[in-house]
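The lines below spell out each chain.
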Amino acid sequence: MLKERKKSLMAVSGVILCGFCVGILQKADLGLDPFSCFVTGIANIFDSSYGSFYLVVTFLLLLVGAKIKKSYLGLTTLANLLLTGFIADFAVAMLDHLFIEPTYLVRVVLLSVGLILMCLAASLYFTADLGVSAYDALALILTNEYRLASFKWCRIFTDGSCVVIGALLGATVGIGTLLTAFFMGPLIQLFNVKISRPLLG
């Protein structure tokens, strides 16, 4: 029972932290994480907010993931679908009050904090094993179901694809986008081993 409660807490905490990290990266304005870049590009076409279109895009990916492998879907998937986009919008609004005109150094700090904590957030809900976000499921499906490569390389592939599509649709691509595209996979694996699995016991 205790382990199940730990799993639920890790899953929900990971999703909430992920939402705040998306907002932090948006405020840093040095390039969004790959999936946010993709969603922002789609939202630009329809002149919509990130939060609203995150819900739409994630729901569509959820349908694809459910058709291929339902076991990747669960509490985390639902929480991610309903919370992440709107938490990101809230985080940006909050940071707008704290940093009206952030210096370049402050933006670099925000980028670094956002990237590291986002990888920790993903690691927490991956390890909880109560489902993953619809987007995260894509790399896991390529890794575990189609055996294309290790998770690290499959994640780099899905992230890279999102960056290309987002850029073509007018989303901001910067140093933050490239860093997350190439380092999220390896950092998530590191946090799995060093923090999340020991925390779960």
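The sections below set out a description of the structure shown in this document. Bear in mind the structure is a predicted one, so any value in this text is a computation, not a measurement.

### Side note on unusual backbone geometry
Link 1 in the chain: If you check the backbone angles, Asp29 has positive phi at about 55° while not being a glycine.
Link 2 in the chain: Among the structural elements, Asp29 can be located in the loop between α1 (2-28) and α2 (34-46).
Link 3 in the chain: If you check the backbone angles, Arg147 has positive phi at about 55° while not being a glycine.
Link 4 in the chain: Turning to its location among the elements, Arg147 is positioned in the loop between α6 (134-144) and α7 (151-168).
Link 5 in the chain: Note on Arg147: relative accessible area 67%, which makes it exposed.

### Examining the packing of aromatic side chains
Link 1 in the chain: Enumeration over the complete set of coordinates arrives at six aromatic pairs.
Link 2 in the chain: Note on Phe35 and Phe38: the rings are 6.3 Å apart at their centroids and 25° apart in plane angle, and the pair reads as stacked. A residue pair is termed a helical-turn pair when its members lie 3 or 4 positions apart in one helix, as Phe35 and Phe38 do in helix α2 at three residues.
Link 3 in the chain: Residue Phe35 is classed as buried on the basis of its relative accessible area of 6%.
Link 4 in the chain: Residue classification places Phe38 among the buried residues on the basis of a relative accessible area of 17%.

### Quick word on the packing of α7 against helix α8 (residues 175-200)
Link 1 in the chain: Direction vectors running N to C along α7 and α8 enclose 160°, while the axes themselves pass 9 Å from each other. Relative to α8, the element α7 lies roughly antiparallel. Between α7 and α8 the crossing geometry is right-handed. Only Thr177, Thr180, Ala181, Phe182, Met184, Gly185, Pro186, Ile188 and Gln189 of α8 make contact with α7, whose side of the interface consists of Phe151, Lys152, Arg155, Ile156, Asp159 and Val163.
Link 2 in the chain: Looking at the contact of α7 with α8 residue by residue, the class counts come to eight nonpolar, four polar and three charged.

Conventions used here
Residues numbered from 1 in each chain as written. Predicted model: local features only at pLDDT ≥ 70, side-chain atom pairs only at ≥ 80, totals over all residues. Heavy atoms only, no water. Helix = DSSP H or I, 4+ residues; strand = E, 2+ residues; numbered from the N terminus. Buried < 20%, exposed > 50% of the residue type's maximum accessible area, 1.4 Å probe, protein only. Phe/Tyr/Trp six-rings, centres within 6.5 Å; stacked < 30°, edge-to-face > 60°. Axes fitted to C-alpha atoms, helices over the stretch in contact; angles between N-to-C directions. Parallel < 35°, antiparallel > 145°, perpendicular 65-115°, else oblique. Left-handed = near helix turned anticlockwise from the far one by under 90°. Contact = heavy atoms within 4.5 Å. Nonpolar A, V, L, I, M, F, W, Y, C, P; charged D, E, K, R; others polar.

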